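Survey of secondary and tertiary structure
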Amino acid sequence: MFGPFRITSSLGGGLLWKIPWRLSPTQKLRQRRRLRAVDKVVETLSNALAKKGETLKSLERWKAEMPTEAEMLSKDKYTMFDRKEKRYRKGIHKLPKWTRVSQRVNPPGY
Amino acid sequence: MSYFRITLHRSAIGMPKRTRGVLAALGLHRRSQVVFHPVSAQCAGMIMKVKELVRVDEVERPLTKAEVKAERTPDPGFYVERAVPRMADPTISPSSSAISAAVKELGRVRSQGQGGQEEGLEVRL
């Protein structure tokens, strides 16, 4: 238990990353702001192209399939589906590069 | 003719090569860099690929590099004063002829009085 060769998780295994299992309120606030920023970019593109009378397949598809920040459930904003997790949900911050990728929809029923 | 004003807000470090390639194609190489592209479906498609990393506005005309820098530069809080020529106003300052007359008068008095006459000498301008 004591002494120089005690085994703790960080000393025993070397690298130890501790990711908290849920987001803090400020992380959730920033996540909502990022979602809104992406919504704003999509809206700007859509308005600009509509003025010129052009359409864009990827833009139309995004608008048809993806909910906006206001339409999303908080469950989908802060957690995502994972088949290996208990109750099939994990925090969205476990997703690599989670602040710079879009992860909005989850399998229906989960 | 309107333009997209695209600012790279988030770094592309660690993003896939495709994403970095799209940013390079847009001409974005560093964070907070601003580029302008005419509104077109092609350009909009490229922005859609990197929508999480950029901020986009629609503007009427593209700004030059100097104009973009100027809007980022804060107010320095000071300004440099320059010496300006005084305005010729006879009611406030004497005219040049009056000054030259006074200087002549001073020279005449100096040449005359060598001794203690210097004290109490007053030339009114």
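All of the points below concern the structure found in this document. (Residues numbered from 1 in each chain as written. Chains lettered and ligands numbered in written order. Predicted model: local features only at pLDDT ≥ 70, side-chain atom pairs only at ≥ 80, totals over all residues. Heavy atoms only, no water.)

A few points about the nonpolar core
Spelled out, the test is: Among buried residues, the Ala, Val, Leu, Ile, Met, Phe, Trp, Tyr and Cys ones that are joined through side-chain atoms within 4.5 Å form a nonpolar core. Using a 1.4 Å probe on the protein chains alone, a residue whose accessible area is under 20% of its type maximum counts as buried, one over 50% counts as exposed, and one in between counts as partly exposed. Labels follow the DSSP assignment, with helices taken as runs of H or I lasting at least four residues and strands as runs of E lasting at least two, numbered in each case from the N terminus. By definition in these notes, contact holds between two residues if any of their heavy atoms fall within 4.5 Å.
Residues Leu 45 of chain A together with Phe 4, Ile 6, Ile 47 and Val 54 of chain B are the most contacted members of the largest nonpolar core, which totals 29 residues. For this core, the elements supplying multiple residues, two or more each, are helix H2 (25-52) and helix H3 (57-65) of chain A together with strand S1 (3-8), helix H1 (17-26), helix H2 (41-49) and strand S3 (54-59) of chain B. The leading source of residues in this core is H2 of chain A, at six residues. Those residues in contact with Ile 47 of chain B that sit more than four places away from it in its chain are Val 41 and Leu 45 of chain A together with Phe 4, Ile 6, Val 54 and Val 56 of chain B. Core analysis: the next-biggest nonpolar cluster, separate from the first, contains six residues, Tyr 78, Met 80, Ile 92 and Trp 98 of chain A among them.

Some points on unusual backbone geometry
All names here are of chain A. At Tyr 88, a residue that is not glycine, the phi angle is positive and equals roughly 60 degrees. Inspection of the secondary structure assignment puts Tyr 88 in the loop between strand S1 (79-81) and strand S2 (89-91). A positive phi angle, near 60 degrees, is found at Lys 97, a position not held by glycine. With respect to the helices and strands, Lys 97 occurs in the segment after S2. Taking relative accessible area as the criterion, Lys 97 reaches 38% and is therefore assigned partly exposed.

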